[in-house]
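Residues per chain, in single letters:
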Amino acid sequence: MNRKMVTIDGNEAAAYIAHKTNEICAIYPITPSSNMGEHADAFSAQGRRNIWGTIPTVEAMQSEGGAAGAVHGALQTGALTTTFTASQGLLLMIPNMYKIAGELTATVFHVSARSLAAQALSIFGDHSDVMATRATGWAMLSANSVQEVMDMALIAQSSTLQTRIPFIHFFDGFRTSHEVLKIEQLNDDDIKGMIDDEWVIAHRKRGMNPNDPVLRGTAQNPDVYFQGRETVNPFYEATPEIVQKTMDRFARIAGRSYHLFDYYGAEDAERVIVIMGSGAEAVEETVDHMLAAGERVGLVKIRLFRPFSIKHFINALPASVKKIAVLDRTKEPGGAGEPMYQDVITAFAEAKSEAYYQFDEMPLIVGGRYGLSSKEFTPAMIKGIYDELIKDKPKNHFTIGIRDDVSFTSLDFDPEYHTSKPGNFRGLFYGLGSDGTVGANKNSIKIIGEGTDNYAQGYFVYDSKKSGSTTTSHLRFGKEKIRATYLIDKASFIACHQYELLDQFDILSNAEEGATFLLTSHLNKDEIWGALPRHYQKQIVDKKIKFYVIDAVTVAKETGMGSRINTIMQTCFFAISGIFPKDEAIAKIKEAIKKTYGNKGDVVVEKNYNAVDQSVSNLFQVDVPNTLNGSDVRRLIVPEAAPDFVQQVTAEIIAGRGDALPVSAMPIDGTWPTATTQWEKRNIALEVPVWEPDICIQCNKCALVCPHAAIRPKITTPDAFDNAPETIKHIGAKGREWEADSQYILQVAVEDCTGCNLCVEACPARDKTNLSRKAINMADQRPLRDSERINWDFFTDLPEVDRGNVKAGSVKGSQLLQPLFEFSGACVGCGETPYVKLASQLFGDRMVIANATGCSSIYGGNLPTTPWAKNNAGRGPTWNNSLFEDNA
Amino acid sequence: MGYRLTIDKHREHAIELMELLQDEIGSELVTAITSASQANEPEIFEQRARVKEMTDIVERLDTPLARQLLSVADNLVKKSVWIMGGDGWAYDIGFGGLDHVIASGKDVNILVLDTEVYSNTGGQKSKATPLGAVAKFAAAGKPSPKKDLGMIAMSYKNVYVASVAMGSNDGQTVRAFMEAEAYPGPSIIIAYSQCIAHGIDMTKGMNQQKLAVESAYWTLYRYNPLLAAAGKNPLLLDSKPPKTHVREYAMNEARFTILKRINPKMSDHYLEESDLAAKEKYDYYAKLAALSYDKA
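As the structure is a prediction and not an experimental result, all values here were calculated from the model.

1. Notes on the packing of aromatic side chains
All names here are of chain A.
Thought 1: A complete count under the given rule lists 40 aromatic pairs over all chains for this structure.
Thought 2: Ring centres 4.4 Å apart and planes at 50° place the aromatic pair Phe109 and Trp138 in the tilted group. Within this pair, whereas Phe109 is found in strand E5 (residues 108-113), its partner Trp138 is found in the loop between helix H5 (128-131) and strand E6 (139-142), the two being separated by 29 residues in sequence. The pair formed by Phe109 and Trp138 is uniform in burial state, with each residue classed as buried.
Thought 3: These aromatic residues form a ring-pair network of at least three members: Phe261, Phe305, Phe308, Phe313, Phe348, Tyr357 and Phe359.

Next up, the structure:
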């Protein structure tokens, strides 16, 4: 049977094998592993069968603890069973994992390795979670790339059935779990070739059955527990050899050869890096580059981390090795060193007296930390580590990739060191989470990966805002296998899918000479040049960038796509990138649209088709003049009035320069100031509400439903408007509770509004002469921005209403109270935040909040800014995100 | 829960310390502080002033006891303890803890932002997901109905329970928040929250809330144990009798219409069953709300 080339991500690769080789999947969602469960569920819903011809049962449980319990039960009754998890979810499985291992039960857990919540939660990738399970007695097998995920998932499944040791098969969260890569898909014959039926039957036979009753899980006492614990030793001793044999069998079937420890590099290498996970790919690429420059370097990729075979490890190294850097993607505060470093030291200490030990002198071994929470790990950093090893006394317990100005652990490196080769396509696409850029790019990769003989890789960077979040897509195509497990910093193609992002990021800073730049703009090809900031103009001229422009927003509007400009920009990309002939590209995009949106109905598909056709005729190349006439004024990231911490730390994170912040800039214990969203003027709304005082009945319903506290009423004295800005509006207050002449004002924070329209929908007051005109109506944000910014500042300076005078228990009264939850990153039109805001208005000055992990903990506590705010007396809600599972 | 324990413990300890320092502080002020009911905002503001007066005195003492008292004195002013989370937490993974806390009788407020799926991880089904809705982990439509969390909470009798949907009845929402916070025991508010995972036009979110209540898909009620103590029925049904089929609500949401396309027969079956269950639930709640609590 031929093997298919597929363009999929690590999660899908793992789910594919897991679904083929199991009967039961007990699942629970946790980022970044959820997609594995979703794939398994969808495969079963589609009626896909495993290699034994049955459709696996997929059961969602109430927690990871529950999933692990269900797995244990299913295994104990003899079913081939698996689960997928990460981070705290894996930790919740630990109690069951001890039991599963203690009972010598065959299973594989597929883990997209992720940071643990410590000073803060992080959804991103490192090995903190899997390292926390290394005492459970499970075998641990690492996959470093999407192809390896598919391969190792199968090797793990085959090995566990032979060894009776349960396996964690893990790969780096996001970097591998969400990287889309063109890989070879194993077929059913391959998989069957790796699993003997007799192993499966033996596994079932060990399952409990009342026809042959046994008892497992006794309570043992001091007399025998210890001895009972030692019975398993032969199984652990046998495992490394069995896994190696399984890898050899795999090599015969699939042609890809793996070892427990794979050495790569010079035969006479003196400096070696030992590493596990996706970082190994980048090291391999760097080693190639350094070998070409005549350096004697190498690397050891640890694949089977548990059981750790000292003999195999020592034998993997060339005898010439003088210095070793062991890189851990985790942190064990207070330990003698991180786990892999300690294992390597132990390995040398133990192997010294063994016959297989081949070193005259024990190499110098240092340990280092890298890549926590998906921190970039680049060839430049790797070169920095190899360079450090040249020194007589290289730094031990170092960090790489950050600036540690507190305990001075960090190594310096030259950021200009690159390994990328010319000729390969490297594209960066800047967009918003809501505009579909990522979805379109995933389609593009599939189109190119599956439609050409190019290798293809896609990786997607998100911030965690739920509305107006920015995304950066990193796409690589080329004839050679792609090992770049890091972001693109020299791009041959750059697309900006949101005009506003020009201000926020220096989008062309990563453009290489002769790159192509595609921009969507409300300005046409003749107007755009003068509107560009000068530093953009300069880069376009200096780097000889080919510049294209399209008004995708208008095309989207006219073709009924609403705010989704993804298909339009994707079409432009294909039209100018030249990867396919234009007509062929368009046909392929349409095919992809059918596949992606087919289940949403024909209308959606047709709309997308139309958008594709309109895109091409609205795309123009800009004649680049040599004159630099753009403005040199850069927008302030936060207003000058912002506090020092916001200026120095928050603003840097907002500007996308958080990576450069040193350790000393960080709060030591995860404590951050509240009330900082007010400084992040996001300007993400295309349209904002405009108030018509003459129609308004002052019911305040608009303020109640606003998810972002961006429309607010106040009651004030008439003299408060003595020095008011020109365009401010106010009107006599309705209601007997107010003194005569009191004024009512309804003000919109147009820079914070997300344009969701809920307020306009909620407004019950209409103009009797024109029923389509309400007391608030949406209008373009851009022309209002400057005047309304001034009005908003004036409004916030107006005194808050005296709480004693307000009927807080009414809709109208409650909305006169200051919201102490404002401008969160929640979705446009969020249904949750109006309730949260209401609570903050009613009780905010005395609230203590425990927030379970979920949307509310993310829009409530996701950096850079925090929406929980303070009143003028400095009081306000104080907040902590407990864990998901025990918030109450 | 931990917050409540600290606040209660530190309040208790602050009172003990004030009593030891009674001569310096003045017994009148100590009594005023310890006996303040702090039942509403003006009373809380008065208590803040009293505590400030007391701490001003104590600050001047500069003794070990005084320093101890200053470190816990903030807890003499009422604080509002809130536990917030979504339905994935409240119905599933955190339910054991939530159940324990509402059973404890402690004065905490729980806000359940019920989007009927795990929104943060991308929309996987929870036990709050309704019958027949397509979600991740329920690609073929969820075959079991939503759990009635409010009914479980009400079974404790001493828990304030409210089910709200501000797009349907905003006044009821505000009243529920006020009552929940004022109730001197555990309170839980289950708040209908539209979500992008529902596959709706988000500008119409509040309208969906309205349709949800009109069809009895969602029920508005408040259960206040203080009413039972006063001899009245604790359950106030705030929803009006249903006037539309659940279909009117569901067919605006992709989570239901997807199934209509991929499996129309199942979709119809689920919608009929949902409608029947919604009406039955409304009737049941109406009967409960009509029960006599007259002790005579």
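2. Topic: the packing of helix H1 (residues 2-20) of chain B against helix H5 (residues 64-72) of chain B
All names here are of chain B.
Thought 1: Look at H1 against H5: their axes get within 9 Å of each other, and the N-to-C directions meet at 150°. Crossing angle aside, the handedness with which H1 passes H5 is left-handed. Across the interface between the two elements, His10, His13, Ala14, Leu17, Met18 and Leu20 of H1 pack against Leu65, Gln68, Leu69 and Val72 of H5.
Thought 2: For the contact of H1 with H5, a count of residues per class yields seven nonpolar, three polar and no charged.

3. Observations regarding the sheet that holds strand E8 (residues 235-237) of chain B
Thought 1: Taken in spatial order, the eight strands make up an open sheet running E31(A)-E30(A)-E1(B)-E2(B)-E6(B)-E5(B)-E7(B)-E8(B), and their pairing is mixed. The open sheet terminates on both sides in strands that have one partner only, identified here as strand E31 (878-881) of chain A together with E8 of chain B. When the angles between neighbouring strand axes are averaged without regard to direction, this sheet yields 15°.
Thought 2: By the bridge criterion, six bridges tie strand E2 (residues 109-114) of chain B to strand E6 (residues 187-192) of chain B in an arrangement that is parallel. Along E6 of chain B, the bridge assignment pairs Leu113 of chain B with Ala191 of chain B.

4. Comments concerning the interface of chain A and chain B
Thought 1: Counting from both sides, the interface comprises 66 residues of chain A and, opposite them, 60 residues of chain B.
Thought 2: Taken together, both faces of the contact between chain A and chain B bury some 5,200 Å²; the carbon and sulfur share is 65%.
Thought 3: A per-residue breakdown of the area chain A buries against chain B is headed by Tyr835, Arg846 and Ala888 of chain A, which together make up 17% of the total.
Thought 4: Run the count over chain A and chain B and you get six salt bridges.

5. Describing the environment of Tyr221 of chain B
All names here are of chain B.
Thought 1: Residue position: Tyr221 is located in strand E7 (residues 221-223).
Thought 2: Note on Tyr221: relative accessible area 2%, which makes it buried.
Thought 3: Taking the C-alpha atoms as reference, Tyr221 lies 28 Å from Ser37; in sequence the two are 184 residues apart.

6. Focus: the pairing of strand E13 (residues 323-328) of chain A
All names here are of chain A.
Thought 1: Counting buried positions along E13 yields six of six residues, so the element is predominantly enclosed.
Thought 2: Going residue by residue along E13, you find Lys323, Ala325 and Leu327 tucked away on one face and Ile324, Val326 and Asp328 tucked away on the opposite face as well.
Thought 3: Of the strand pairs in this sheet, strand E10 (residues 271-275) and E13 are connected by four bridges, and their pairing is parallel. Note on E13: the bridge partner recorded for Ile273 is Ala325.
Thought 4: As paired strands, E13 and strand E14 (residues 364-370) are joined by six bridges and run parallel to one another.

7. Quick look at helix H8 (residues 197-205) of chain A
Residues and elements named next belong to chain A.
Thought 1: Those residues of H8 lying buried are Trp199, Val200 and His203. Each buried residue of H8 lies within a common arc of 100° when the element is viewed along its axis, so the set occupies one face. Within H8, the exposed residues directed more than 90 degrees away from the buried face are Glu198 and Lys205.

8. Examining unusual backbone geometry
Residue and element names in this part refer to chain A.
Thought 1: Geometrically, the link from Arg306 to Pro307 is a cis peptide bond, its omega value of -10° lying close to zero.
Thought 2: Positionally, Pro307 belongs in the loop between strand E12 (304-306) and helix H12 (310-316).
Thought 3: For the peptide bond that leads from Leu863 to Pro864, omega is 10°, which places it in the cis range.
Thought 4: Turning to its location among the elements, Pro864 is positioned in the loop between helix H29 (855-861) and E31.
Thought 5: One non-glycine residue, Ser87, adopts positive backbone phi at about 50°.
Thought 6: The topology assignment puts Ser87 in helix H4 (residues 87-102).

Analysis parameters
Residues numbered from 1 in each chain as written. Chains lettered and ligands numbered in written order. Predicted model: local features only at pLDDT ≥ 70, side-chain atom pairs only at ≥ 80, totals over all residues. Heavy atoms only, no water. Phe/Tyr/Trp six-rings, centres within 6.5 Å; stacked < 30°, edge-to-face > 60°. Helix = DSSP H or I, 4+ residues; strand = E, 2+ residues; numbered from the N terminus. Buried < 20%, exposed > 50% of the residue type's maximum accessible area, 1.4 Å probe, protein only. Axes fitted to C-alpha atoms, helices over the stretch in contact; angles between N-to-C directions. Left-handed = near helix turned anticlockwise from the far one by under 90°. Contact = heavy atoms within 4.5 Å. Nonpolar A, V, L, I, M, F, W, Y, C, P; charged D, E, K, R; others polar. Pairing = 2+ DSSP bridges. Buried area = accessible area lost by both parts, 1.4 Å probe. Salt bridge = Lys/Arg side-chain N within 4 Å of Asp/Glu carboxyl O. Arc of directions from axis to C-beta.

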